[in-house]
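What follows is the residue order along each chain.
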Amino acid sequence: MENYFLILIGTVFVNNIVLAKVLGLCPFMGVSKKLEAAIGMGMATAFVLTLASGASYLINQYLLGPDLIYLRTLSFIIVIASIVQFTEMFIHKTSPVLYQVLGIYLPLITTNCAVLGIPLLNVQENHNFIESLFFGFGGAIGFALVLITFSAMRERLEGADVPLPFKGSAIAMVTAGLMSIASMGFSGLVK
Amino acid sequence: MLNALLVMIGLAVVLGAVLGFASLKFRVEGNPLVEKVDAILPQIQCGQCGYPGCKPYAEAISAGNSAINLCAPGGEAVMLRLADLLGVDPQPLAADAALPKPKQVALIDEQTCIGCTLCLQACPVDAIAGAAKQMHTIIASECTGCELCLPPCPVDCITMETVDEGLGGWKWKYPVYPISEEEKDTEVTS
């Protein structure tokens with residue numbers, strides 16, 4: 001039990017997928033302009049990531065085995081793409097406004113390297129099924145947390161008196177860098 | 001080799017079946033966003049946004065083809081609610097829509113009217129009385145001053161007359177309430 005808790009804390013804070021591993025920067029920059037969009041994106045990614053890490057564990061363990069390792073990335077991508085498609089249909093049905101707001105970034109979850117990165121890291125670190133699920137969920141929570149805090153900061157930055165050359169994306173990049181440095185304070189909390 | 005093929009085919013078939021089932025289960029009829037946008041627009045079909053009515057304008061907004069600041073009668077209140085619904089930044093009202101026009105009614109020059117009924121068909125509120133080859137006239141109390149009858153008239157016999165606020169037509173101004181978050185769904189009269 002303690003193990004799972006450590007995985008969760010570790011992926012959310014210490015090895016945060018955006019700030020420490022620098023994965024998934026496309027939606028991190030793209031969907032962080034509005035707070036509501038960021039929350040929606042965080043939830044969609046959390047759903048996809050958790051499901052993808054569980055499904056890819058099962059596929060890697062029982063379908064591929066040791067002799068079909070070379071199919072790993074390919075099959076993971078197929079699974080992730082279908083889960084994203086499913087999520088897209090679900091959101092289109094349940095929340096058309098969120099669907100409109102997320103726009104192209106919703107199908108682009110497929111190419112979010114965080115979503116492929118987590119299952120591959122799972123394999124690398126020999127996690128079992130439950131650990132994989134926790135690792136995926138923790139990574140997703142970390143992603144959502146950073147995305148939402150970052151978008152809240154960006155909404156504040158809109159009103160700030162930023163020097164002209166730094167306006168827009170530039171100041172957002174600087175902010176992301178500062179967040180990343182700040183998150184280094186967590187390092188060493190969990191091995 | 002055969003194993004690899006079987007695994008990939010199996011994956012594709014299973015996932016394809018799941019997606020096919022999901023697409024039936026989560027089928028979306030029409031575009032629900034259009035309905036939501038349409039519900040915010042004032043529904044007076046005035047055509048001042050450049051679209052034939054509120055529904056076509058709602059479709060254009062939902063498709064992302066049109067700015068949200070073109071609705072002159074809705075004014076800033078409607079624009080803000082659209083911005084909120086769609087998650088885009090509020091924009092100031094378009095330059096030509098920004099000035100609320102003084103209240104006006106159409107007036108048909110009855111000497112020139114040839115009774116072609118074209119303006120009858122254009123009027124969204126049925127404020128024009130007349131028949132084919134008969135002189136038409138405006139029912140001033142019904143006219144909303146939308147100017148939609150001007151373009152179809154072949155003899156340019158319709159003019160817009162500003163309605164002065166005289167002793168006869170004066171009435172109390174509608175109360176203007178600041179729109180807070182809770183009151184958004186109530187009718188906006190300003």
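The structure under discussion appears in the preceding block.
Presented here is an overview of the structure given in this document. (Residues numbered from 1 in each chain as written. Chains lettered and ligands numbered in written order. Predicted model: local features only at pLDDT ≥ 70, side-chain atom pairs only at ≥ 80, totals over all residues. Heavy atoms only, no water.)

**Description of the packing of helix 3 (residues 35-64) of chain A against helix 7 (residues 129-159) of chain A**
Residues and elements named next belong to chain A.
Part 1: Remark: helix 3 packs on helix 7, axes separated minimally by 8 Å, with the N-to-C direction vectors making an angle of 165°. The angle between helix 3 and helix 7 places the two elements in the roughly antiparallel class. Crossing of helix 3 over helix 7 shows right-handed handedness.
Part 2: Residues of the contact of helix 3 with helix 7, tallied by class, amount to 17 nonpolar, 9 polar and 1 charged. (Axes fitted to C-alpha atoms, helices over the stretch in contact; angles between N-to-C directions. Helix = DSSP H or I, 4+ residues; strand = E, 2+ residues; numbered from the N terminus. Parallel < 35°, antiparallel > 145°, perpendicular 65-115°, else oblique. Left-handed = near helix turned anticlockwise from the far one by under 90°. Nonpolar A, V, L, I, M, F, W, Y, C, P; charged D, E, K, R; others polar.)

**Some words on the pairing of strand 1 (residues 104-108) of chain B**
Residues and elements named next belong to chain B.
Part 1: Burial within strand 1 is extensive, with 4 of its 5 residues counted as buried.
Part 2: Pairing geometry for strand 1 and strand 4 (residues 158-162), over 5 bridges, is antiparallel. By the bridge assignment, Ala106 is partnered in strand 4 with Met160. (Buried < 20%, exposed > 50% of the residue type's maximum accessible area, 1.4 Å probe, protein only. Pairing = 2+ DSSP bridges.)

**Observations regarding the state of the cysteines**
Residues and elements named next belong to chain B.
Part 1: Counted under the stated rule, the structure contains 0 disulfides over all chains.
Part 2: You can see Cys113 has no disulfide; the closest cysteine sulfur is in Cys157, sitting 4.7 Å from it.
Part 3: Judged by its relative accessible area of 16%, Cys113 is buried. (Disulfide = S-S within 2.5 Å.)

**What about the nonpolar core?**
Part 1: By size, the foremost hydrophobic cluster in this structure holds 49 residues, and its most contacted members are Ile17(A), Val18(A), Phe28(A), Ile109(A), Val115(A) and Phe150(A).
Part 2: Listing elements by their share of this core, those giving two or more residues are helix 2 (25-30), helix 3, helix 4 (72-94), helix 6 (113-124), helix 7 and helix 8 (169-183) of chain A together with helix 1 (2-25) of chain B.
Part 3: It is helix 3 of chain A that provides the largest number of residues to this core, a total of 10 residues.
Part 4: Sequence-distant contacts of Val115(A), defined by excluding residues within four places in its chain, comprise Thr45(A), Val48(A), Leu49(A), Ala52(A), Ile80(A) and Ile109(A).
Part 5: With 19 residues, the next largest nonpolar core counts Ile40(B), Val78(B), Leu82(B) and Leu85(B) among its residues. (Core = buried A, V, L, I, M, F, W, Y, C linked by side-chain atoms within 4.5 Å. Contact = heavy atoms within 4.5 Å.)

None of this, on its own, says anything about what the molecule does.
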